[in-house]
Amino acid sequence: WRTAMQFMGDGTVSSAMVDAGDHGDVLQLTVDAGPVMLIFDAPLDDLQIDASINLDQFDGVFMLVHHVVDAANYQFTSIGNQEMRLGRSENGDIYLLDAKKYTPSGWQTYRVVSDGTRARAYAGEGLLTHGYGPTPGAGPVGIRLNGTGSVLLDFMKVIPLRPLPS
């Protein structure tokens, strides 16, 4: 899987498959220093990301990123500092669309949807953040880790909501 990834940032990340009990074998990403961004998938316009993640051993901010241009320009849903945030980074400047108090515990499922000017993020079955912003250009999807420790990833699935125009 590492050969299909693009790595960005100053941090270092290691990976291993570990036994997570009821979840079976899962991917453990361990960061010594951040930030680090792992990008995969082909560029997409409108998309949905579904993931099952455990952040109990991670100290920092975890991001599901999409419409990535480079390490300073991307859309994101972040989880950390007792909140979930929805926004974008433009040349390293953060613009928030929405933020809500949120503290994850144990395994959580997340869904991020970006559809034209509308973006929303769910924790479990509930809508947590929602906002409107400029329509992003097509770009790949990934994970950004700003912190130290380990993130457990059971699955991450990216679904195009419609095909790219020809």
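Residue positions are given per chain, counted from 1 along the sequence in the order it is written. It should be noted that, the model being predicted, local features are given only for residues of pLDDT at least 70 and side-chain atom pairs only at 80 or more, the latter also being counted only at that level, while totals for whole chains, interfaces and linings use all residues. Side-chain calculation: all heavy atoms of the structure are included, whereas hydrogens and water are not.

1. Description of the overall build of the protein chain
Here a helix means four or more residues in a row that DSSP labels H or I, a strand means two or more in a row labelled E, and each is numbered from the N terminus. Looking only at helices and strands, the protein chain features zero helices and 13 strands. As a reference, a globule follows 2.2 Å times the number of residues to the power 0.38, and the radius of gyration itself is taken over C-alpha atoms. Relative to the compact-globule value of 15 Å for 166 residues, the protein chain shows a C-alpha radius of gyration of 15 Å, a close match. When its C-alpha atoms are laid out on the principal axes, the protein chain stretches across 40 × 35 × 30 Å. Residue burial in the protein chain is summarised as follows: out of 166 residues, 46% are buried. Across the protein chain, contacts joining residues at least 24 apart in sequence account for 61% of those joining residues at least 6 apart. Reported accessibility uses the Shrake-Rupley method at a 1.4 Å probe radius. Residues are deemed covered only where the shown protein chains occlude them. As displayed, the protein chain has an accessible area near 8,100 Å², and 48% of this comes from carbon and sulfur atoms. The buried label goes to any residue with under 20% of its type's maximum accessible area, the exposed label to any with over 50%, and the partly exposed label to all in between, with areas taken from a 1.4 Å probe on protein chains only. We call two residues contacting when some pair of their heavy atoms lies within 4.5 Å.

2. Here we look at the side chain of Ser150
Summarising the element assignment, Ser150 is placed in strand β13 (residues 139–160). Nitrogen and oxygen atoms within 3.5 Å of one another constitute a polar contact, given that in protein one can donate a hydrogen and the other can accept it, and given that sequence-neighbouring residues count only through two side-chain atoms. In this structure the side chain of Ser150 is engaged in a polar contact, spanning 3.3 Å, whose partner is the side chain of Gln28. Within polar-contact distance, the side chain of Ser150 engages the side chain of Thr30 at 2.8 Å. With residues up to four places along the chain from it excluded, the contact list for Ser150 reads Gln28, Leu29, Thr30, Asn54, Gln57 and Phe58.

3. Things to note about empty space enclosed by the protein
Only protein atoms enter the 1 Å grid used here. Points where a 1.4 Å probe fits but cannot escape make up a cavity, open sets with protein on both sides within 12 Å along at least five of seven lines make up a pocket, and a residue lines them when an atom lies within 4 Å of a point. Grid points are joined across faces, edges and corners, and a volume is the space filled by probe spheres set on the points. Taken as a whole, this structure holds one cavity of 30 Å³ or more when the rule is applied. The calculated volume of the largest cavity comes to roughly 50 Å³.

4. Quick look at the layout of surface pockets
In this model, the largest pocket occupies a volume close to 230 Å³. Taken together, 13 residues line the largest pocket, and the ones lying closest to its centre are Leu55, Phe58, Gly60, Gly80 and Pro104. Breaking the lining of the largest pocket down by element, the ones donating at least two residues are β6 (58–70) and β7 (73–80). At four residues, β6 tops the list of elements feeding residues into the lining of the largest pocket. Tallied by class, the residues present in the lining of the largest pocket amount to six nonpolar, five polar and two charged. Throughout, the ten residues Ala, Val, Leu, Ile, Met, Phe, Trp, Tyr, Cys and Pro are labelled nonpolar, Asp, Glu, Lys and Arg are labelled charged, and all others, Gly among them, are labelled polar.

5. Examining the nonpolar core
Among buried residues, those of type Ala, Val, Leu, Ile, Met, Phe, Trp, Tyr and Cys that are joined through side-chain atoms within 4.5 Å constitute a nonpolar core. Residues Ile53, Phe62, Leu64, Leu145 and Met156 are the most contacted members of the largest nonpolar core, which totals 33 residues. Listed by contribution, the elements that provide at least two residues to this core are β3 (25–33), β4 (36–44), β5 (47–54), β6, β8 (83–90), β10 (107–115), β11 (118–123) and β13. The residues contacting Leu145, other than those within four sequence positions of it, are Leu29, Val31, Gly34, Pro35, Val36, Phe58, Val61, Phe62 and Val151. Counting residues in each nonpolar core, the second largest holds nine residues, with Met8, Ile39, Val65 and Phe76 among its members.

6. Notes on the pattern of salt bridges
A carboxyl oxygen of Asp or Glu within 4 Å of a side-chain nitrogen of Lys or Arg is what we treat as a salt bridge. The full count for this structure, using the stated rule, is six salt bridges. Asp46 is the partner of Arg162 in a salt bridge, and the nearest nitrogen-oxygen pair spans 2.5 Å. Of this pair, Arg162 sits in the segment after β13 while Asp46 sits in the loop between β4 and β5, and the two are 116 residues apart along the sequence. A residue is classified by how much of its surface remains accessible, and Asp46, at 14% relative accessible area, is buried. Arg162 serves as the salt-bridge partner of Asp115, at 2.8 Å between the closest nitrogen and oxygen. Residue Asp115 is located in strand β10, and its partner Arg162 is located in the segment after β13; the two are separated by 47 residues in the primary sequence. The class of Arg162 is partly exposed, set by a relative accessible area of 40%. It is possible to trace a salt-bridge network through shared partners that takes in Asp46, Asp115 and Arg162.

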